[in-house]
Structures are given as structure tokens and as C-alpha cells.
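Structural features, examined
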Amino acid sequence: MNRRVRRKLTRRGQEKVDCPEVDGCLALDERGIVDWTRLPDDTIIQLFSCLNYRDRASLSSTCKTWRSLGESPCLWQVLDIRPHKCDSAAAVSLAPRCRNLQKLRFRGAESADAIIQLQAKSLCEISGDYCRKITDATLSVIVARHESLESLQLGPDFCERISSDAIKAIAICCPQLRRLRLSGIREVDGDAINALARHCRDLVDIGLIDCLNVDEVALGNVLSLRFLSVAGTTNMKWSLALQNWSKLPNLTGLDVSRTDIIPNAVLRLFSSSPCLKVLCALYCPGLEQDAGFVSNNNHKGKLLLSFFTDIFKEVASLFVDTTNKERNVFVEWRDLKTKDRKMDDVMNWLEWILSHSLLRIAESNPQGLDNFWLSQGAYLLLSLMRSTQEEVQERAATGLATFVVIDDENASIHGGRAEAVMRDGGIGLLLNLARSWREGLQTEAAKAIANLSVNANVAKAVAEEGGISILASLARSMNRLVAEEAAGGLWNLSVGEEHKAAIAEAGGVKALVDLIFKWSVTGGEGVLERAAGALANLAADDKCSIEVATVGGVHALVKLAQNCKAEGVQEQAARALANLAAHGDSNSNNAAVGQEAGALEALVQLTRSPHDGVRQEAAGALWNLSFDDRNREAIAAAGGVEALVALAHSCSNASPGLQERAAGALWGLSVSEANSIAIGREGGVVPLIALARSDAEDVHETAAGALWNLAFNPGNAFRIVEEGGVPALVHLCSSSVSKMARFMAALALAYMFDGRMDEVALVGTSSDSNSKSVNFDGARRMALKNIEAFILAFSDPQAFSAAAASSVPAALTQVTEAARIHEAGHLRCSGAEIGRFVTMLRNSSSILKACAAFALLQFTIAGGRHAQHHVCLLQNSGASRILRAAAAAATAPIEAKIFARIVLRNLEHHQIESST
């Protein structure tokens, strides 16, 4: 190459300036920009080699010259079609480029069927995963078309439909075979293994992993064998294995991990196999539970890799010059300037079998391995992630993503393991791998980052090392698997409030919304669920919620709620819409969601889902949306009343979260009296009374709030009494842990017995033959007694006496602070409701007078969210005169008088503040 473009730094004053230095005849155009089309061919080919296949195709489309260069044989010696759908048509289109293909990696049966269309007759290595559906016929055709195969690997998932017949075909068709690794075959019989021994004279590496039955005697006939793995294979007859494998003249490495091998078998192998150097026995309970064997360090010069040995120290002993830092043995071996081919074979095999076994063990997550993972397992996985073997790197990253998870359902990870990875420098390593152009490695690295980021300390480290920008970039990948894991990482990181703004700044919000638009048509439930989940977390932040709406997130999420049938996607889309609608006082997203075509109808429909999680989030979204007046009526028009009443009926035995949101949504809708009446007629009283009896504090509040709103209407109040609601509300009023639940239960009881229901009760009991027999007088006495007890619970006799005897503001302030229910400041009452409490101040019942004054005190305390609104309603209704009369009434209880004085003071303060 005699022409090149270099970058150099020049100085302009104190400023460094980066500018191109052009050699040879590579000219600048009239604007001073390098003409990239005149780059030499070898430079372009080198550029192609740094890109994935999709980007190579894009670059090839630039011009005819680059298209020709993009087909150069040196770029098509290795092909990884796992991230892509490769059917026969795709394989035919690739065939002209694959004449010199050496190594192929594929995924799934469809790609396996298409391999023969590549016409890569020089193919030396084939590696496949997700091979459960690959049959003997398919595998036989593949090997028949590729007689030059030297390596064939299928796994780590089980090859359930492959039998010994296919292995015979491999032996006959591939005489140059050197490596054969198969997973999960039911039976590998003697005929198949003997065929390998006869036809494949250079076969040095066999892996029959997780098989049910393997012929131990026949394996002793493969005299060329140097490395053998039977990890996870059951039904092994160790006496036959010892008798025959000791005859193998070249056997150097043996992997018996996850088997039932016993100490005596290991000792006999060590003594009878002269060439054996390494025995890997990870997670072999028969060895680990024998205290005598564990304490025996005399292995006759052989290496034993197990949970009870120092694996790094054992591997380091392979080398004459043992490193002082044995934990770096894999790194230092890779950096050796003088290479030993036989030692490299041993180390490469060790990396492969260790990465495979550690992944399998991490997937099964057996108990009692914390010490191993913390002392050497985590660092071992990190060491393997630096391997030059792609498969080892990927499996190590997958193992790292897996071993930290202790409860996949609840996204729970082991904090100690996660922080061990962080302590050993794993975050930086994973982020570097995530930058790789190899999409398989990007996927596994992003998955590990996502899982580790569930831990808050690790999430902080990921953010500090630039992980958010990397994940946001990966979320834009055209590869669905890469984008899915990146979105999962952003989902977990967005749990932390401190990371939300950084995700938005890195363009993560738009990337996630674009993911939904990109994959909602072609499918991809995993990526859609993760993207919607991340947006749901981000939407909980006020500023980020605006960003979500700005980049089209409302439309994207509504489309998911309407069209996607996957439970997880529906749940996260509904949760995201709920969080977007939760900022009604600070932005317009609540109204925007309600105005999006089909949004309310979709959410109403989701409340009928068979999945509790979906129903819970949909009800939560409708609850938040019902705070907007127009949304409230639109939800009712979309069938929301009927759907939510049905939901309340069905969730008596559901989770507290679902119960809370079902009652909350009815509470929100019942703010409108028309909706309140509709809820009562639809049968909503009965399930709300049932929910009021829940053991959960949050359910108490929402059920009490809904019943309070319903009780405003005399007809509903009558239904509540008739359906046994008084005892339920009395229980809430007297016993709930929640002050808010007790408060609203008291207000509901006050509505029911302030006299407005009397006429309805009289008409109902005399005209309805089906009317239930209720002792209204008894119910009234019970209600008033508990209302009084509730009010007195907030009354300090000494403070009241002091306030009554003094006009000093401090005395009233003391009463106010003792009586204040802070959460009540979030309640917003209509003019009719405020007017009803004012009227109640004139009620003949002294208890109801005190209750009304207590309620107005809560609604007008300075600092309450809606205090100014309530003050204006009181002032416009002329309530001051009635309040003064209540405060001065000689026959009124002291609580009513003092509370009325406090409300008057609140009105005066607000008036002064307004005028100021």
C-alpha cells in the first residue's frame, strides 16, 4: 500500500487541530475533502473487514468498484449467519461469495437446511446452536456436501432428533474430521463411535456432552484421541471407561464435569493413563462430598480442575515458568512470544470446556456454590472473555449474565456475585466487548451488562464508564437480538432515578421508541417488552416523560397496547402509558394519551385480559387518565365503567396491586356524578365493599375513596347500606393503618347519614319487594359513633381548652398540626362536595358538624395541593357566615367550634396571600 490517509495534530495558537495528511496521489476535491472513492483497494478491503455483514452490504452498494471489492474472497472466509434469517433464498444469494468459505456459524433448523445452498465445498468448520429440530437427514446431507470438514460442533442445547445414524454418516463423509462436539444425543452407540475410529484417523477431540448413553468401550478404540469430554452425560459405566480409556495412547485432557464419577475412578485414571495431563471435574458431587479425596493433593502430577482446587494454580503448573500471579495465567499464556502448539491445543481445549461447563452450571444454579463463584468463578469467566476463540468469549459472557441471577421471575440477582464482577474489572471488559463489531458478542455482552445493572452499585459503575451511551447505540442496531439486550440494559438502568436524564441525553428515549416502531410489525416480543419497560421507567420522570411524548412515544405505546398479543408487552405498554399520564399537574401528557386515537379503548380492553399483570397496569393507566375531565367521560363512553366494575368483581382474590388499581380507577371515574350513578347501577358497590375489607393498606384507601364518591349520591348511599357497607366502612374508620382510609371512610359514612338518603331509603324499603332487611337506625348509630371516635382521635383536650380560652394564633396552630392528615392535601373536591360539608355544619347532629369542620380544615390547610381551589369555592359560596356561626354556637361541641375557627383563619390567610 503506497498511499494512505493519516491523522496528525497541528497547533493553532493554544488549540490543537486535527487534520488529514494525504500521501501519494490521493487528491482533495475543490472543497478540500478527501475523495474516498480513490482509496487503494487494500484499504477498502481492510475497511470492509471491520464491518458486520449488513454494513458490508450497505457499503458495497455505494459503487460498482466497492461492490466488487465487497465480494473479495478474503472477506468471506468466515460467515456467521446466526443473527440473520437464512433460508434457502438467502443462501442462494450468498453462494457466489462463499466459494472459499472456511468457517460457518448458524442457528436453528431452517438455517441448517439452507447450508447446502451456499455451495461452500471448501468449508472446514461448522458450528451450530439451537439445534433441537435438526434431524439425521439434514445433518447427513450437510456432511455429504462438505467432505473437507475438520470441525463440527452442535450445541450447547440438546440435539434431540440426531441419532447414531447421523454420526456414522459424519464418519463416512468427513475423513479429515479432527473435532466433533455434539450435545444432548440420546444414545451414541458402539457402531457410530467405531465408524469414527475407522474413518476419521485424525480425530483428536470428541465432545459427547449431556448425552443419555455413550458406549464407553468403543471410545477406547479412537486411538488418535487427545481430548475427550463426556460432561453432563448420564449412565456412565466408569469401570468400563477406566478399562478402555487407559489404553488411549494420546489422551491428554478429559472432561467429566457434571457426572457421577467417584474418587476411586479418578485415582485409577490418574495412575493408568500415562499421557493424561488434565482432568476437569466441575460440579461432581461424588468427589466434592468425599472429605478424604478433597484433602488429598497427591494427584501424581496430573491437573485436577474442580470446585475444591485452585483452578488458576493448577493451570499455571502446566508451564515451566510459573507466573507469580497465577490468576493471570490465561492472559500471560496468550501473550507468550514463543508458542508451543501442543500447549496451545491444551489451553484452547481448556478454555472451551471450562466456558461450556461454567455456563451449564450457572444455568442450573445449584445451591452451595457462592464460595466458588466469589473466590474464582467470576474471575475465571472474565479471563475466558478475553479468549481469542469467539465461542468461548460468548459463552463466558453468557455465563456471566447467568450466574448472577438467582430469581429470574422477580429479576433478583446475587449482589455479592455482581459486585465481584465489578471489583475484578468486569464492567470495563464487558463494555469493550459490547463495542465489538461481532454481533453475537455484542448480544451476550449487552445481556451481561443488563443483568448486572439490576444491582445499584454496578449500575452506577456502568453509567460512570460510559455504558449508557454504548447501550443507547446498540439499541439502534439492525440486529434484533443486539437491540433486545441493549433495551434490557436500559430498562434495568432506568430503574435508578439518577440514570434517567443520562439515558435521555444519550438519545436512549428516541432509540427505544424507534425500536417499537421497527419491530412491532415484524414481531419480536422480547425487544418490544424491554423497550416498553424502559420507556415505562423513564416516563415516571417528568422531564423524560415529555421527551417520550415528543419523539412519538405515545403513539408507539398505544399501537403496542392495541395490536400486540404478548402478555409482557401489553403489561409494559400499559405501565408506560400509566406513567406518562401521571404528570397531570406538570405537563400535558395525560391529555395527550387520552386524545391518542384508540388509546382509551385499548386500555379498557386490556382490563379484560386473563393476565393479572396486564389488568393491573391497564387499570392503573385508566386511574391516572381519569384525573382529566375529558378523559374521565371518554373512558366511560368507551365502556370503562362496565369493564372496571367487572374487574373489581373478579379480583377479590388477586394481588393487592391489582385490587388497588381496580378500586382506584373506579374512584377516579366516580368523581363525575353521572359515572358514580352508572357504577352503582352496574353493581359496583358490592365489589368495592369487598375490597374495603382487604388486608392491604393501599387497597383500603382506594376502596374508601371510591365508596366516598359513590355515597355522595343518595341512591348509591342506600345501596351501600343495603349491601352491608356500613360495617365495612366502620371497620376501616376505626382500624385501618392508613389515616387517609380512615378519613375517607368517615366522610362516606357522614354522606350516608346526613339526611339526604332518608327519602330514598323510605321509598326503597316500601316499594321494592326484593329490598334487603336493614336496620337503618342501628346502622346510623354505629356510623355516628365511629365518626365521633375518629374525630376524637385527632383531638387533644388540653390543646382544645387552650385554643378555646385564647385568641393567640399559636394555640390554633397546635391544634392544626395535631389534626392534620398530610395526604388529604392531595384530594380535590368539587363545589357541590364543599357545599355539602358547609350544609353539614348546620346539621342537627353535633358529630356531623364536627366531621364537616374537620374535613374543611383538611381541605384548606396551607400547603395542600388543592387548598387554594377549595378556599375559592368556600369564599364564592358565602361559607364564612356559616363558619362563624358554627364557631360561636353555644351548643356545638368544642371540636366543631375550634375546627371552624381554624378554617376561618385559613380563609383569611389565603385572602391575604392572594391580595399580596
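Up top you'll find the structure we're talking about.
Residues numbered from 1 in each chain as written. Predicted model: local features only at pLDDT ≥ 70, side-chain atom pairs only at ≥ 80, totals over all residues. Heavy atoms only, no water.

**Observations regarding the pairing of strand β6 (residues 151–154)**
In plain terms, the rule: Type-normalised accessible area, obtained with a 1.4 Å probe on protein chains alone, sets the label of each residue: buried when under 20%, exposed when over 50%, and partly exposed for intermediate values. Strands are runs of DSSP state E lasting at least 2 residues, helices are runs of H or I lasting at least 4, and numbering of each runs from the N terminus. Here the rule is simple: two strands pair whenever DSSP picks up at least two bridges between them. Consider the strands pointing away from the viewer: the crossover is right-handed when the path from the first strand over the helix to the second runs clockwise.
Burial along β6 is two-sided: the residues Ser151 and Gln153 and Leu152 and Leu154 are all buried. One ladder, built from 4 bridges, connects strand β5 (residues 125–129) with β6; its direction is parallel. Its bridge partner lying in β6, Gly128 is registered against Leu154. Crossover β5 to β6 through helix α6 (residues 136–145) is right-handed. The sheet contact formed by β6 and strand β7 (residues 179–183) spans 4 bridges and is parallel. Along β7, the bridge assignment pairs Leu154 with Leu182. Remark: the β6/helix α7 (residues 164–173)/β7 crossover connection has right-handed handedness.

**Things to note about the pattern of salt bridges**
The test is simple: Take a side-chain nitrogen of Lys or Arg and a carboxyl oxygen of Asp or Glu: if they are within 4 Å of each other, that pair is a salt bridge.
Here the structure, examined in full by the defined rule, presents 27 salt bridges. A salt bridge links Asp129 to Arg107; the nearest nitrogen and oxygen atoms lie 3.0 Å apart. Separated by 22 residues along the polypeptide, Asp129 in strand β5 and Arg107 in strand β4 (residues 103–107) bring together distant segments of the chain. Judged by relative accessible area, Arg107 falls into the partly exposed class, the value being 24%. Arg258 is the salt-bridge partner of Asp210, the closest N and O atoms lying 2.8 Å from each other. Residue Asp210 is located in the loop between β9 (205–209) and β10 (213–214), and its partner Arg258 is located in the loop between β12 (253–255) and α11 (263–272); the two are separated by 48 residues in the primary sequence. For the pair Asp210 and Arg258, one class covers both residues: buried. Several salt bridges converge on common partners, so that one network encompasses Asp80, Arg82, Arg105, Arg107, Asp129, Glu390, Glu394 and Arg438.

**Here's the deal with unusual backbone geometry**
Omega for the peptide link from Gly155 to Pro156 comes to 10°, which places this bond in the cis form. Structurally, Pro156 can be placed in the loop between β6 and α7. If you check the backbone angles, Tyr130 has positive phi at about 50° while not being a glycine. Its place among the elements puts Tyr130 in the loop between β5 and α6. One non-glycine residue, Asn365, adopts positive backbone phi at about 50°. Structurally, Asn365 can be placed in the loop between α16 (341–364) and α17 (370–384).

**Considerations on the side chain of Glu895**
Applicable threshold: The charged-residue count follows a simple rule in which Lys and Arg add positive charge and Asp and Glu add negative charge, with His and chain termini not counted at all. In what follows, a contact means two residues having at least one pair of non-hydrogen atoms within 4.5 Å.
Relative to the elements of secondary structure, Glu895 occurs in helix α51 (residues 894–915). Lys897 provides the closest opposite charge to the buried, salt-bridge-free Glu895, at an N-O distance of 9.3 Å. If sequence neighbours within four positions are ignored, Glu895 has contacts with Ile791, Leu792, Ser795, Phe800 and Ala850.

**Brief notes about the sheet that holds β5**
Where we set the bar: What counts as an axis is a line fitted to C-alpha atoms, over the stretch in contact for a helix, and the angles between N-to-C directions run from 0 to 180 degrees.
Strand order across the open sheet formed by 10 strands is β3-β4-β5-β6-β7-β9-β11-β12-β13-β14, with parallel pairing between neighbours. Strands with a single pairing partner mark the edges of an open sheet, and in this sheet they are β3 (78–80) and β14 (303–305). Adjacent strand axes in the sheet meet at a mean angle of 5°, parallel and antiparallel pairs treated alike. Both β4 and β5 contribute to a ladder of 5 bridges, which runs parallel.

**Describing the packing of helix α29 (residues 553–563) against helix α30 (residues 567–580)**
Going by this rule: Oblique is the label for every angle not falling under 35 degrees (roughly parallel), over 145 degrees (roughly antiparallel), or within 65 to 115 degrees (roughly perpendicular). Here a crossing is called left-handed whenever its near helix is offset anticlockwise from the far helix by less than a right angle, and right-handed whenever the offset is clockwise. Amino acids outside the nonpolar list (Ala, Val, Leu, Ile, Met, Phe, Trp, Tyr, Cys, Pro) and the charged list (Asp, Glu, Lys, Arg) are all regarded as polar, and Gly is one of them.
Closest axis-to-axis distance for the α29/α30 pair is 9 Å, and the angle between their directions is 140°. When the axis of α29 is compared with that of α30, the two are oblique. Judged by the twist between their axes, the crossing of α29 over α30 is left-handed. Listed contacts from α30 to Val554, Leu557, Val558, Leu560 and Ala561 of α29 are Val569, Ala573, Ala576, Leu577 and Leu580. A class-by-class count of the residues in the contact of α29 with α30 yields 10 nonpolar, no polar and no charged.

Keep in mind that these numbers describe shape and distance, not what the molecule does.
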